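# Fold and geometry: a report
Below, each chain spelled out in residue letters.
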Amino acid sequence: MKAVTMTNDLFSSLRTYLNKVSEGERTPAELANALNTWVKQSGDVLKTKIDEEVHNTVSRMGFIKREEFDELKAELEALKKVSTKKAPAKKSTPVKTKAAIQKKGNR
């Protein structure tokens, strides 16, 4: 619906400018400048709307942005480094073998 309004606004503005150009109130350069301004503003609005729709759709699907993924990956790597530095080295306790138990029992 908004695209129809934008189109109607464009045609209305163009008619007004064309009338002013034909009456000598405006120059063709002013008409071109107004048209360029409208195209730029419309393009910016359209780009913003597309970005919003893509973001909403991707979020609903459960995806994240690459930047967010990279941040989480870096955070995970940092946590892994910290956890390996803090983890105490396990002391190995000698496992008693059958032979050692039998020797002890023979005494």
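For the structure itself, consult the block above.
Residues numbered from 1 in each chain as written. Predicted model: local features only at pLDDT ≥ 70, side-chain atom pairs only at ≥ 80, totals over all residues. Heavy atoms only, no water.

## Some details on the overall build of the protein chain
Looking only at helices and strands, the protein chain has 4 helices and 0 strands in total. Taken from the N to the C terminus, the helices and strands of the protein chain come in the order α-α-α-α. Burial statistics for the protein chain: of 107 residues in total, 3% are counted as buried. When the accessible surface of the protein chain is split by element, carbon and sulfur atoms take 59% of a total near 10,000 Å². (Helix = DSSP H or I, 4+ residues; strand = E, 2+ residues; numbered from the N terminus. Buried < 20%, exposed > 50% of the residue type's maximum accessible area, 1.4 Å probe, protein only. Areas by Shrake-Rupley, 256 points an atom, 1.4 Å probe, with all protein chains shown as cover.)

## Here's the deal with the pattern of salt bridges
Following the criterion strictly, the structure yields 4 salt bridges and no others. Put simply, Asp44 and Lys40 hold a salt bridge, and the shortest N to O gap is 3.2 Å. Placement of the pair is Asp44 and Lys40 together in helix α2 (residues 28-61), with a separation of 4 residues, close to one helical turn. By relative accessible area, which is 53% here, Lys40 ends up exposed. Two residues, Asp51 and Lys47, come together in a salt bridge whose shortest N-O distance is 3.5 Å. With Asp51 and Lys47 both in helix α2, this residue pair falls 4 residues apart, about one helical turn. For Lys47, a relative accessible area of 54% corresponds to the exposed category. (Salt bridge = Lys/Arg side-chain N within 4 Å of Asp/Glu carboxyl O.)

## A look at a negative patch on the surface
Where like charges cluster on the molecular surface, the negative patch consists of Glu67, Glu68, Glu71 and Glu75. Structurally, Glu67 can be placed in helix α3 (residues 66-86). (Patch = residues over 30% accessible without salt bridge, like charges linked within 9 Å, V, L, I, M, F, W, Y side chains within 5 Å. Lys, Arg positive; Asp, Glu negative; His and termini not counted. Charge placed at Lys NZ, Arg CZ, Asp CG, Glu CD.)

## Thoughts on α2
The terminal C-alpha atoms of α2, which comprises 34 residues, lie 49 Å apart, in line with the 50 Å expected from a rise of 1.5 Å per residue. Phi for Gly62, located one or two positions after α2, is positive at around 90 degrees. (Expected span 1.5 Å × (residues − 1).)

## Things to note about the environment of Ala32
Secondary-structure assignment places Ala32 in helix α2. Taking relative accessible area as the criterion, Ala32 reaches 38% and is therefore assigned partly exposed.

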